[in-house]
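Chain by chain, the residues run as shown.
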Amino acid sequence: MYQALYRKWRPLRFADVIGQKHITDTLRSQLASGRLSHAYLFTGTRGTGKTTCAKILARAVNCEHPANGDPCNECASCRGILDGSVLDVLEIDAASNNGVDNIRDIRDESRYTPAVVKKRVYIIDEVHMLSQGAFNALLKTLEEPPPHVLFILATTEIHKVPATILSRCQRFDFRRITPEDIAQRLLYIAAEEGITLTEGGAKLIARLSDGAMRDALSMLDRTASGGGTVDESTITQSVGILGGERTAQLMDSIRRGALEAAVEIIGECYVSGRDLAAVLDQLLGLIRDMLLVKTARDDVSAMLSPAYEVKTVRTLCDGCAASTLIAYSRIIQESLSRMKSAANRRVEAELCVIRLCTLGADDYDSLGGRVEALEEKLKHGVPMVAAPATAPTAQSEPDDDRPPPPEDRDAPPWDEDAPAPQAAKPTKKTAPAQVEEWPLWPKLLSALTGKIGNAAHVNLKLSARAILDGTTLRILADDAVTAMLAGAPPTKEAIAREASALLGQPCVVKVKEAAEEQETPQNDALDAVLRNAKERNIEITELK
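Keep in mind it's a predicted model, so treat the numbers as computed, not measured.

Draft legend 1. Spatial organisation of the packing of aromatic side chains. Taken as a whole and assessed by the stated rule, the structure comprises six aromatic pairs. Taking 5.9 Å as the distance between ring centres and 75° as the angle between the ring planes, the aromatic pair formed by Phe42 and Phe172 counts as edge-to-face. On the criterion of sequence distance, the pair formed by Phe42 in strand 1 (residues 39-43) and Phe172 in strand 5 (residues 170-173) is long-range, its members being 130 residues apart. Given a relative accessible area of 0%, Phe42 falls into the buried group. Each member of the aromatic cluster is reached from another via a ring pair, and the members are Tyr40, Phe42, Phe172 and Phe174.

Draft legend 2. Quick peek at unusual backbone geometry. For Asn68, which is not glycine, the phi dihedral falls at a positive 55°. Residue Asn68 is classed as exposed on the basis of its relative accessible area of 64%. One non-glycine residue, Glu126, lies in the positive phi region at around 50°. Along the polypeptide, Glu126 turns up in the loop between strand 3 (120-125) and helix 6 (132-143). Classification of Glu126 as partly exposed rests on a relative accessible area of 22%.

Draft legend 3. Summary view of helix 9 (residues 199-208). Looking at helix 9, one finds that the buried residues are Gly201, Ala202, Leu204, Ile205, Ala206 and Arg207. Residues of helix 9 that are buried sit in contact with helix 8 (179-193), helix 10 (213-224), helix 11 (232-239) and helix 14 (276-295). After helix 9 finishes, the residue Asp210 shows a positive phi value of roughly 60°.

Basis of the calculations
Residues numbered from 1 in each chain as written. Predicted model: local features only at pLDDT ≥ 70, side-chain atom pairs only at ≥ 80, totals over all residues. Heavy atoms only, no water. Phe/Tyr/Trp six-rings, centres within 6.5 Å; stacked < 30°, edge-to-face > 60°. Helix = DSSP H or I, 4+ residues; strand = E, 2+ residues; numbered from the N terminus. Buried < 20%, exposed > 50% of the residue type's maximum accessible area, 1.4 Å probe, protein only. Contact = heavy atoms within 4.5 Å.

Below is the structure:
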């Protein structure tokens, strides 16, 4: 009968346990010196070796010929525990035996000495599933058990175990197994089983297993059942996820705002039967790698996922600010939480991609994050769209070479006594003629570097222009945010100071929105009065 790989290759000695050397060394030392505790508590995520170490410890304390703390697995006690014929070593599932009566049975049985082996061992798996009454019934026996009894508790949710239980046990925390250790173990098992596993496939399974050796062996078992070479493509098809290259293409489409290409990739994932939540989770993992590359000052290549090359991640980071990546991650996490109860997961995934491709100002945490994103785009070049050529208007003057229009025979006869038509007078809201921008404006912006706030400086570069009218410098902002930042007293004073230095004379700075400037008609008479007053040294206060 075929046996699953994770059962067939379960470690039989502490030396075979991967990634938990800090625990196995301590247990072997206690066994060798005879300083065993009466109760142990193993905690950690799934598939990290808690139950495996508990079974090895149960055999080691009863082994007739232990070697350096490891069981021999050859004596009668070890063989009996392995095949389950020794009834003094019990493995109890607390999820289905969580009542007070089950714990009372354990308490009553623990009074009797073991019949075959040295110690009676109780392995209680998922101990956090016990009821409050069961925990209370276990307290006294756990605190002062008979000398021939050993309790080994295992749990994945340590926060659900009462403090009274924790204080009565020696606690060991199992770590997630590193992807390098998992990949190395997978390659060894594949070679022993005759499975053709590529190094890239082993690294991909190691990354997807999230530190759980059991999950990695289950994925290898499922992928290898189809026969052939187990590589990245077969793994992605078997598990139902995107490959590293395709995920990078999706991220590239998002950062470029290529909505059609990004939605097309999501559609392909849906048609091929891939889990869309897993696809978004992969995208979130890539964003994590990009954030590490973008924000870390040192080399972080060892911390990146093995599914992506460092060069690819660095290329994707070009033009993406850290604040933009954080906004991406928040949108994806919101979509993942909604996807659990979504009626149509495809629509939810496509809406998520649309939000990512059309990132707006409200998606950033603060104005500083938005400014950082603008600076990043300036650094790598902002794509400019050429304005479409305007068609000639009907009011354009006719070409002199064209023949005159034909006479309209149906027009009424001309009345010589009728008054001649007059041209319509322009209204006050007619936009004034375009005024040339101050030539020294770029030089002024350079002089302001480091003397005004970063946000104000970037917004002035992107969304403002300056017009010099005598000794008055009018700054026209394209939006209210730029006008607010430039009009702040410290910023305005710094602009006036640097502009006066460039002009060689005192200068007055006025900040307005461009729309307000167009709607305000010029008053030549008022300007003449102001000039005359200045020539006569008359002090005038202007009210805004």
